[in-house]
Amino acid sequence: MTQTLNTTNHDRDIAGLKYVYPVISRRAGGLSIGINFNPNNACNWRCIYCQVPELQRGNAPEMDFALLEQELRFFLDYVRHGDFFEQFNVEIHQRVIKDIAISGNGEPTSLKDFDKAVRLIGEIATESGVFPASKFVLISNGSLLHQTTVQAGLTELARYHGELWFKLDSATEQGRKLVNNTGQSQQKLLAHLKLAASLCPTKLQTCMLHYGQAWSDSEKQAYLALLREVRDSDIALQQIMLYSIARQSFQPEAGKLEKMSLEEMNAFAADIKALGYDVSVAS
Ligand code: SF4
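To start, this report covers the structure provided alongside it. Model, not experiment: these values are computed from the prediction.

The rules behind each value
Residues numbered from 1 in each chain as written. Predicted model: local features only at pLDDT ≥ 70, side-chain atom pairs only at ≥ 80, totals over all residues. Helix = DSSP H or I, 4+ residues; strand = E, 2+ residues; numbered from the N terminus. Buried ≥ 20, exposed ≤ 12 C-beta atoms within 10 Å, placed from the backbone. Contact = placed C-beta atoms within 7 Å. Pairing = 2+ DSSP bridges. Axes fitted to C-alpha atoms, helices over the stretch in contact; angles between N-to-C directions. Arc of directions from axis to C-beta. Core = buried A, V, L, I, M, F, W, Y, C linked by C-beta atoms within 7 Å. Near = placed C-beta within 6 Å. Nonpolar A, V, L, I, M, F, W, Y, C, P; charged D, E, K, R; others polar.

**Focus: the environment of Lys-259**
Item 1. With respect to the helices, strands and loops of the structure, Lys-259 is situated in strand E11 (residues 258–259).
Item 2. Here Lys-259 falls in the partly exposed class, since 15 other C-beta atoms lie within 10 Å of it.
Item 3. Distance from Lys-259 to Ile-48, taken between C-alpha atoms, is 13 Å for residues 211 residues apart in sequence.
Item 4. In this view, Lys-259 contacts Leu-209, Ser-244 and Ile-245; residues no more than four positions away in its chain are not counted.

**Some remarks on the sheet that holds strand E2 (residues 30–35)**
Item 1. Spatially, eight strands are ordered E1-E2-E5-E6-E7-E8-E10-E12 in an open sheet, and the strand pairing comes out mixed. On the outer flanks of this sheet lie strand E1 (20–25) and strand E12 (279–282), each paired with one strand and no other. Sheet twist, expressed as the mean angle between neighbouring strand axes with direction ignored, is 25 degrees.
Item 2. With respect to the sheet, helix H1 (residues 65–81) is in contact with E1, E2 and strand E5 (97–102), its orientation differing from that of E1 by roughly 40 degrees.

**Brief notes about helix H5 (residues 173–180)**
Item 1. The set of residues buried in H5 consists of Gly-175, Arg-176, Val-179 and Asn-180. Down the axis of H5, the buried set is contained in an arc of 95 degrees. They therefore lie on one face.
Item 2. Against helix H7 (217–232) lie the buried residues of H5.
Item 3. In the segment just after H5, Asn-181 is the residue with positive phi, at about 50 degrees.

**Considerations on the nonpolar core**
Item 1. In this structure, Val-20, Ile-100 and Leu-164 are the most contacted members of the largest nonpolar core, which totals 71 residues.
Item 2. Not counting chain neighbours up to four residues away, the residues in contact with Val-20 comprise Ala-15, Ile-33, Ile-35, Glu-71, Leu-72 and Phe-75.

**Quick notes on the site of the ligand**
Item 1. All residues in the neighbourhood of the ligand are listed as Cys-43, Trp-45, Arg-46, Cys-47, Cys-50, Val-52, Leu-55, Gly-106, Glu-107, Asn-141 and Lys-167.
Item 2. When grouped by side-chain class, the residues that make up the shell around the ligand number six nonpolar, two polar and three charged.

See below:
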C-alpha cells in the first residue's frame, strides 16, 4: 500500500529502519532525514511538551555503527535514485533533501561515541553528494557539552558546515525545572552556550507555551536579560528560533499545556530583534 508522507505525519518508524527516518518538514520546505541515536526513548531531561512515547530517563544505547552506515547509505540512495518520493506520495515541490538532522527520541549527545557518529554521517552524506547542498543539523538540549566526545562531535559538525540547535526554554533555573525537569544551573548554561558557539554555528531553539509560571512576564524579561548578557559576552548566536507546541505531548502535563498565540510570539520576537538578533517564529 502506498503511504502518504506529509507535514502532519511524523511517524519515526515509517521507513522501517532503526536509526534513519524521513520527515516532510514544513519548516525546512522539503524532506528532512532524521537520525535517531535514541531508539530506547531515553533522555536526561523530561520536557513537559516532549512527544517521545514512553520517554524514560537515561542515555542513548550503544550504537551499531555498521547498521547506521548501511541504513543511511541505503536511504540516501533510495531517495536520490529510487522511487521514495513516489512511494510516499510526497508533493512535487517538496521532493528535495533539505537537511540531515540528528534528532532522536532522546538526547543525541548522550551517545558514547557521539563524535564518531557525527563524522560517519558527514562522510556518507558527502560521498553520496547530499552535502554540501543539504544542511547538517544537530538538535540538542546542550546539557552534555562538558564531555570531550560532545565537543569533538561539534567540531566534526562544523567541519561539515553543520549547525547546532541548542534548546533553551527558560532563562531561569526555576523555569528549566518546571519545563524541562532539569536542575541545570545558570552558570552551566552560560558555559555550555559559550563553548557550543565557539565550536560550531549555534542557534537557540525555544519552545513557548503557557503552563504555570512558564513564559510569565518575568520569564520573558529574564530571557531578554540573558540574551543581552550573551551578546555582551561576545557569544555569537546565529539565530533565535521561537516556536510553540504543535503536536500532542506524551507527558502527564499534556492536558494543561496551552499553545502560545502567534501574536504573542511575534511581539516577543520584536523585543529580541531589538537586541540585535536574527529571530524566526514558527507557529
Ligand atoms: S530534551 Fe528533547 S527528547 Fe529530551 S525530554 Fe526534552 S523534548 Fe524530549
